[in-house]
Amino acid sequence: MPDQPILKFCQVSLRFGDTWALRDICFTLRPGETRVIFGAAGSGKTTLLKAAIGLATVSSGKIELFGESVVDRNETELFPLRSRAGFVFQEGGLFDSLSVGENVEYPLLNRQMMGNQAALTEANVVNPVREALRFVELEKTFDKFPSEISGGMRRRVGIARAIVTEPPLVLYDSPTAGLDPITANTIMALIAKERDVRNSASLIVTHRYQDGEIMADFFYDPEIEGLVPVVETGTEQKKTRTRFMVMKEGRIVFFGTRPEMEANQDSYVKRFIRHEE
Ligand SMILES: Nc1ncnc2c1ncn2[C@@H]1O[C@H](COP(=O)(O)OP(=O)(O)OP(=O)(O)O)[C@@H](O)[C@H]1O
Ligand SMILES: [Mg+2]
(Lines give C-alpha, C1' and ligand atoms only; values in the text may rest on other atoms or scores of the structure.)
(Ligands and ions follow the chains in the order given, each with its own letter.)
Protein backbone atom coordinates (compact mmCIF):
# COMPACT_ATOMS: atom_id res chain seq x y z
CA MET A 1 0.00 0.00 0.00
CA PRO A 2 1.45 3.41 -0.88
CA ASP A 3 2.25 5.81 1.97
CA GLN A 4 -0.47 8.26 2.93
CA PRO A 5 0.08 11.76 1.49
CA ILE A 6 1.90 14.23 3.74
CA LEU A 7 0.63 17.18 1.73
CA LYS A 8 -2.07 17.44 -0.87
CA PHE A 9 -3.15 20.46 -2.96
CA CYS A 10 -6.38 20.16 -4.89
CA GLN A 11 -7.44 22.95 -7.29
CA VAL A 12 -5.92 25.61 -5.07
CA SER A 13 -6.24 29.24 -6.15
CA LEU A 14 -5.14 32.27 -4.16
CA ARG A 15 -5.61 35.92 -4.99
CA PHE A 16 -3.97 39.03 -3.55
CA GLY A 17 -6.22 41.89 -4.73
CA ASP A 18 -6.15 41.68 -8.54
CA THR A 19 -3.19 39.30 -8.66
CA TRP A 20 -3.69 35.56 -8.83
CA ALA A 21 -0.65 34.25 -6.96
CA LEU A 22 -1.85 30.61 -7.31
CA ARG A 23 -4.21 29.13 -9.89
CA ASP A 24 -5.60 25.61 -9.90
CA ILE A 25 -2.62 24.07 -8.13
CA CYS A 26 -2.83 20.29 -7.68
CA PHE A 27 -0.12 17.95 -6.44
CA THR A 28 0.54 15.31 -3.80
CA LEU A 29 3.63 14.71 -1.69
CA ARG A 30 4.35 11.48 0.21
CA PRO A 31 7.10 10.49 2.68
CA GLY A 32 10.56 10.50 1.13
CA GLU A 33 9.40 12.40 -1.94
CA THR A 34 10.88 15.65 -3.21
CA ARG A 35 9.31 18.39 -5.30
CA VAL A 36 11.73 20.94 -6.70
CA ILE A 37 9.95 24.15 -7.71
CA PHE A 38 11.30 26.52 -10.34
CA GLY A 39 9.68 29.67 -11.73
CA ALA A 40 10.22 33.35 -12.48
CA ALA A 41 10.16 35.98 -9.73
CA GLY A 42 6.56 36.53 -8.66
CA SER A 43 5.31 33.23 -10.15
CA GLY A 44 3.88 32.08 -6.80
CA LYS A 45 6.59 29.81 -5.35
CA THR A 46 6.76 31.36 -1.88
CA THR A 47 2.98 31.70 -1.79
CA LEU A 48 2.64 27.98 -2.51
CA LEU A 49 4.91 27.08 0.43
CA LYS A 50 3.09 29.51 2.73
CA ALA A 51 -0.32 28.20 1.69
CA ALA A 52 0.82 24.66 2.55
CA ILE A 53 1.10 25.59 6.23
CA GLY A 54 -1.72 28.12 6.31
CA LEU A 55 0.47 31.24 6.30
CA ALA A 56 -1.42 32.46 3.21
CA THR A 57 -5.18 32.09 2.96
CA VAL A 58 -6.45 30.44 -0.20
CA SER A 59 -9.39 31.78 -2.20
CA SER A 60 -10.60 28.34 -3.29
CA GLY A 61 -9.54 24.70 -3.35
CA LYS A 62 -8.40 22.20 -0.75
CA ILE A 63 -5.11 21.68 1.07
CA GLU A 64 -4.51 18.71 3.32
CA LEU A 65 -1.49 18.62 5.58
CA PHE A 66 -0.85 15.37 7.48
CA GLY A 67 -4.33 14.31 6.39
CA GLU A 68 -6.04 17.35 7.91
CA SER A 69 -7.61 20.30 6.14
CA VAL A 70 -5.63 23.54 6.30
CA VAL A 71 -7.99 25.93 4.55
CA ASP A 72 -10.86 26.17 7.01
CA ARG A 73 -8.83 26.52 10.21
CA ASN A 74 -8.24 29.67 12.20
CA GLU A 75 -4.79 30.63 13.52
CA THR A 76 -5.23 28.80 16.82
CA GLU A 77 -6.30 25.63 15.07
CA LEU A 78 -3.48 25.92 12.54
CA PHE A 79 -0.77 26.20 15.12
CA PRO A 80 -0.41 22.52 16.10
CA LEU A 81 -0.55 21.46 12.46
CA ARG A 82 2.00 24.05 11.36
CA SER A 83 4.38 23.14 14.16
CA ARG A 84 4.71 19.65 12.65
CA ALA A 85 6.31 21.05 9.49
CA GLY A 86 9.78 22.57 9.14
CA PHE A 87 10.18 25.82 7.20
CA VAL A 88 13.39 27.40 5.91
CA PHE A 89 12.48 30.98 5.03
CA GLN A 90 13.61 32.76 1.85
CA GLU A 91 15.52 35.41 3.79
CA GLY A 92 16.88 33.02 6.42
CA GLY A 93 14.70 34.42 9.16
CA LEU A 94 16.98 33.88 12.15
CA PHE A 95 16.35 36.01 15.23
CA ASP A 96 19.35 38.36 15.48
CA SER A 97 19.01 38.86 19.22
CA LEU A 98 19.08 35.13 19.98
CA SER A 99 22.18 32.95 19.91
CA VAL A 100 22.49 30.13 17.39
CA GLY A 101 21.53 27.60 20.09
CA GLU A 102 18.49 29.66 21.12
CA ASN A 103 17.39 30.03 17.51
CA VAL A 104 17.47 26.28 16.99
CA GLU A 105 15.74 25.69 20.32
CA TYR A 106 12.85 28.00 19.42
CA PRO A 107 10.58 25.48 17.61
CA LEU A 108 10.93 23.06 20.53
CA LEU A 109 9.80 25.67 23.05
CA ASN A 110 7.02 26.69 20.70
CA ARG A 111 5.82 23.12 20.53
CA GLN A 112 5.90 22.87 24.29
CA MET A 113 3.73 25.97 24.61
CA MET A 114 0.96 24.09 22.86
CA GLY A 115 0.84 21.89 25.91
CA ASN A 116 0.67 18.54 24.19
CA GLN A 117 4.29 17.67 24.70
CA ALA A 118 6.09 16.34 27.73
CA ALA A 119 7.68 19.11 29.75
CA LEU A 120 11.00 20.06 28.28
CA THR A 121 13.74 19.80 30.81
CA GLU A 122 17.17 21.27 30.20
CA ALA A 123 18.43 17.84 29.17
CA ASN A 124 15.86 17.06 26.54
CA VAL A 125 16.01 20.52 24.93
CA VAL A 126 19.75 20.81 24.74
CA ASN A 127 20.22 17.39 23.21
CA PRO A 128 18.01 17.81 20.15
CA VAL A 129 19.44 21.31 19.65
CA ARG A 130 22.99 20.03 19.79
CA GLU A 131 22.06 17.11 17.59
CA ALA A 132 20.46 19.37 14.95
CA LEU A 133 23.54 21.61 15.00
CA ARG A 134 25.78 18.57 14.70
CA PHE A 135 23.70 17.45 11.72
CA VAL A 136 24.57 20.67 9.87
CA GLU A 137 28.13 20.50 11.20
CA LEU A 138 27.86 23.67 13.25
CA GLU A 139 27.95 22.41 16.81
CA LYS A 140 30.73 24.83 17.70
CA THR A 141 28.59 27.86 16.89
CA PHE A 142 26.08 27.12 19.69
CA ASP A 143 26.84 30.31 21.66
CA LYS A 144 27.52 32.61 18.72
CA PHE A 145 25.05 35.17 17.37
CA PRO A 146 23.82 35.19 13.75
CA SER A 147 25.85 38.35 13.03
CA GLU A 148 29.05 36.50 14.00
CA ILE A 149 28.75 33.69 11.44
CA SER A 150 28.84 33.62 7.62
CA GLY A 151 25.83 33.66 5.30
CA GLY A 152 26.27 29.99 4.46
CA MET A 153 26.45 29.12 8.15
CA ARG A 154 23.28 31.10 8.83
CA ARG A 155 21.49 29.04 6.16
CA ARG A 156 22.69 25.88 7.86
CA VAL A 157 21.40 27.17 11.22
CA GLY A 158 18.08 27.83 9.45
CA ILE A 159 18.05 24.19 8.36
CA ALA A 160 18.93 23.00 11.87
CA ARG A 161 16.03 25.05 13.24
CA ALA A 162 13.65 23.63 10.62
CA ILE A 163 14.53 20.01 11.38
CA VAL A 164 15.04 20.11 15.16
CA THR A 165 11.53 18.77 15.80
CA GLU A 166 12.11 15.96 13.25
CA PRO A 167 9.20 17.08 11.06
CA PRO A 168 7.82 14.68 8.42
CA LEU A 169 7.69 17.64 5.98
CA VAL A 170 10.31 20.32 5.37
CA LEU A 171 9.70 23.36 3.14
CA TYR A 172 12.80 25.11 1.81
CA ASP A 173 12.42 28.54 0.21
CA SER A 174 15.48 29.31 -1.93
CA PRO A 175 17.97 27.67 0.47
CA THR A 176 20.95 28.31 -1.83
CA ALA A 177 20.14 31.81 -3.10
CA GLY A 178 23.10 34.17 -2.92
CA LEU A 179 25.59 31.50 -1.88
CA ASP A 180 28.77 30.53 -3.74
CA PRO A 181 28.48 27.21 -5.64
CA ILE A 182 30.50 25.20 -3.12
CA THR A 183 28.50 26.39 -0.12
CA ALA A 184 25.30 25.89 -2.11
CA ASN A 185 26.27 22.27 -2.81
CA THR A 186 27.00 21.73 0.89
CA ILE A 187 23.52 23.00 1.75
CA MET A 188 21.91 20.72 -0.85
CA ALA A 189 23.86 17.74 0.45
CA LEU A 190 22.42 18.45 3.91
CA ILE A 191 18.92 18.70 2.49
CA ALA A 192 19.29 15.35 0.69
CA LYS A 193 20.75 13.82 3.86
CA GLU A 194 17.82 15.07 5.93
CA ARG A 195 15.40 13.55 3.40
CA ASP A 196 17.16 10.19 3.21
CA VAL A 197 18.05 9.70 6.88
CA ARG A 198 14.46 10.30 8.03
CA ASN A 199 12.44 9.64 4.87
CA SER A 200 10.95 13.13 5.21
CA ALA A 201 9.07 14.83 2.39
CA SER A 202 10.64 17.98 0.94
CA LEU A 203 9.36 20.90 -1.07
CA ILE A 204 12.25 22.98 -2.38
CA VAL A 205 12.03 26.32 -4.17
CA THR A 206 15.18 27.24 -6.07
CA HIS A 207 16.60 29.16 -8.99
CA ARG A 208 19.56 26.77 -9.36
CA TYR A 209 18.93 23.83 -11.66
CA GLN A 210 21.83 22.06 -10.03
CA ASP A 211 19.91 21.93 -6.74
CA GLY A 212 17.29 19.85 -8.50
CA GLU A 213 19.94 17.63 -10.06
CA ILE A 214 21.39 16.88 -6.63
CA MET A 215 17.97 15.94 -5.21
CA ALA A 216 17.07 13.81 -8.25
CA ASP A 217 20.38 12.08 -8.87
CA PHE A 218 21.92 11.53 -5.43
CA PHE A 219 20.99 9.99 -2.12
CA TYR A 220 22.66 9.86 1.24
CA ASP A 221 24.59 6.73 2.06
CA PRO A 222 25.11 6.37 5.83
CA GLU A 223 27.99 3.90 5.27
CA ILE A 224 30.18 6.52 3.63
CA GLU A 225 28.42 9.47 5.31
CA GLY A 226 28.02 11.21 1.99
CA LEU A 227 25.99 11.42 -1.19
CA VAL A 228 26.22 8.73 -3.84
CA PRO A 229 24.81 8.84 -7.37
CA VAL A 230 21.50 7.05 -7.78
CA VAL A 231 22.38 5.54 -11.17
CA GLU A 232 25.48 3.69 -10.12
CA THR A 233 23.71 1.81 -7.37
CA GLY A 234 20.67 1.05 -9.49
CA THR A 235 18.21 2.32 -6.88
CA GLU A 236 15.61 3.25 -9.45
CA GLN A 237 12.99 3.46 -6.73
CA LYS A 238 14.74 6.37 -5.04
CA LYS A 239 15.33 8.11 -8.32
CA THR A 240 11.66 8.28 -9.21
CA ARG A 241 10.80 10.05 -5.98
CA THR A 242 11.95 13.50 -7.13
CA ARG A 243 9.76 15.56 -9.42
CA PHE A 244 10.40 18.99 -10.89
CA MET A 245 7.67 21.61 -11.04
CA VAL A 246 7.80 24.85 -13.03
CA MET A 247 5.48 27.71 -12.06
CA LYS A 248 4.35 30.56 -14.27
CA GLU A 249 1.91 33.26 -13.18
CA GLY A 250 0.56 31.08 -10.38
CA ARG A 251 0.13 27.89 -12.43
CA ILE A 252 2.15 24.71 -12.59
CA VAL A 253 3.15 24.67 -16.27
CA PHE A 254 5.46 21.66 -15.99
CA PHE A 255 5.48 18.62 -13.69
CA GLY A 256 7.76 15.64 -14.29
CA THR A 257 11.09 13.94 -13.83
CA ARG A 258 14.43 15.52 -14.56
CA PRO A 259 14.77 13.79 -17.98
CA GLU A 260 11.22 14.83 -18.84
CA MET A 261 12.03 18.44 -17.99
CA GLU A 262 15.15 18.34 -20.13
CA ALA A 263 13.16 16.97 -23.07
CA ASN A 264 10.52 19.69 -22.72
CA GLN A 265 10.46 22.11 -25.63
CA ASP A 266 8.53 24.96 -24.04
CA SER A 267 10.69 28.10 -24.10
CA TYR A 268 9.61 29.17 -20.59
CA VAL A 269 10.38 25.73 -19.08
CA LYS A 270 13.72 25.64 -20.88
CA ARG A 271 14.80 28.86 -19.16
CA PHE A 272 15.20 26.99 -15.88
CA ILE A 273 17.34 24.13 -17.20
CA ARG A 274 21.07 24.42 -16.82
CA HIS A 275 22.72 24.42 -20.18
CA GLU A 276 26.28 23.17 -20.43
CA GLU A 277 28.59 25.99 -21.47
N1 LIG B 1 1.33 39.54 0.96
C2 LIG B 1 1.12 39.83 -0.33
N3 LIG B 1 0.27 40.83 -0.68
C4 LIG B 1 0.02 41.12 -1.97
N5 LIG B 1 0.59 40.47 -3.01
C6 LIG B 1 1.44 39.49 -2.73
C7 LIG B 1 1.76 39.12 -1.38
N8 LIG B 1 2.64 38.09 -1.42
C9 LIG B 1 2.88 37.84 -2.72
N10 LIG B 1 2.17 38.66 -3.50
C11 LIG B 1 2.13 38.64 -4.97
O12 LIG B 1 1.84 37.32 -5.37
C13 LIG B 1 2.62 36.92 -6.48
C14 LIG B 1 3.46 35.71 -6.14
O15 LIG B 1 4.43 36.08 -5.15
P16 LIG B 1 5.49 35.06 -4.54
O17 LIG B 1 6.15 35.76 -3.43
O18 LIG B 1 4.79 33.79 -4.24
O19 LIG B 1 6.48 34.85 -5.76
P20 LIG B 1 7.83 33.99 -5.86
O21 LIG B 1 7.64 33.04 -6.97
O22 LIG B 1 8.15 33.45 -4.52
O23 LIG B 1 8.91 35.08 -6.30
P24 LIG B 1 10.50 35.21 -5.94
O25 LIG B 1 11.21 34.29 -6.89
O26 LIG B 1 10.80 36.65 -6.23
O27 LIG B 1 10.68 34.86 -4.51
C28 LIG B 1 3.42 38.16 -6.88
O29 LIG B 1 2.73 38.84 -7.88
C30 LIG B 1 3.47 38.95 -5.60
O31 LIG B 1 3.61 40.32 -5.87
MG1 LIG C 1 9.70 33.82 -3.20
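Residues numbered from 1 in each chain as written. Chains lettered and ligands numbered in written order. Predicted model: local features only at pLDDT ≥ 70, side-chain atom pairs only at ≥ 80, totals over all residues. Heavy atoms only, no water.

A few words now on the sheet that holds strand β5 (residues 68-69). Taken together, 4 strands build an open sheet; the order of strands is β2-β1-β4-β5 and the sheet is antiparallel. Edge strands, defined here as strands with exactly one partner in the open sheet, are β2 (19-29) and β5. The pairing of strand β1 (residues 7-16) with strand β4 (residues 60-65) spans 5 bridges and is antiparallel. From the neighbouring strand, F9 faces β4, where its bridge partner is I63. Those strands touched by helix α1 (residues 45-52) are β1, β2 and β4, and its axis lies near 120° from that of β1. (Pairing = 2+ DSSP bridges. Helix = DSSP H or I, 4+ residues; strand = E, 2+ residues; numbered from the N terminus. Contact = heavy atoms within 4.5 Å. Axes fitted to C-alpha atoms, helices over the stretch in contact; angles between N-to-C directions.)

Our next topic: the nonpolar core. L133 and M261 are the most contacted members of the largest nonpolar core, which totals 43 residues. Take this core: its biggest share by element is 6 residues, from helix α6 (residues 181-198). When residues no more than four places from it in sequence are discounted, the contact partners of M261 are F38, Y209, F244, V246, F254, V269, F272 and I273. With 33 residues, the next largest nonpolar core counts L29, L81, M245 and M247 among its residues. (Core = buried A, V, L, I, M, F, W, Y, C linked by side-chain atoms within 4.5 Å. Buried < 20%, exposed > 50% of the residue type's maximum accessible area, 1.4 Å probe, protein only.)

Here we come to the site of ligand 1. The immediate surroundings of ligand 1 are formed by 13 residues, with G42, K45, T46, T47 and Q90 found nearest. With respect to ligand 1, the backbone of S43 contributes an N or O atom lying 3.2 Å from an oxygen atom. A distance of 2.7 Å separates an oxygen atom of ligand 1 from a polar side-chain atom of K45. For ligand 1, whose accessible area on its own is 630 Å², the fraction buried by protein is 59%. Contributing elements (two or more residues each) for the shell around ligand 1: β2 and α1. (Near = heavy atom within 4 Å. Polar contact = N/O pair within 3.5 Å; in protein donor to acceptor, adjacent residues only side chain to side chain. Areas by Shrake-Rupley, 256 points an atom, 1.4 Å probe, with all protein chains shown as cover.)

Before going further, it helps to spend a moment on the pattern of salt bridges. Under the counting rule described, the total for this entry stands at 12 salt bridges. R82 is paired through a salt bridge with E75; the nearest N and O atoms lie 3.2 Å apart. Assessed through its relative accessible area of 14%, R82 is described here as buried. The closest approach of N and O atoms between R195 and D196, which form a salt bridge, is 2.9 Å. (Salt bridge = Lys/Arg side-chain N within 4 Å of Asp/Glu carboxyl O.)

As a further point, take the environment of Y220. Tracing the sequence through the fold places Y220 in strand β9 (residues 218-221). The spatial distance from the C-alpha of Y220 to the C-alpha of A132 is 17 Å, given a sequence separation of 88 residues. Each residue touching Y220, except ones within four places of it in the same chain, is listed here: A192, K193, D196, V197, E225, G226 and L227.

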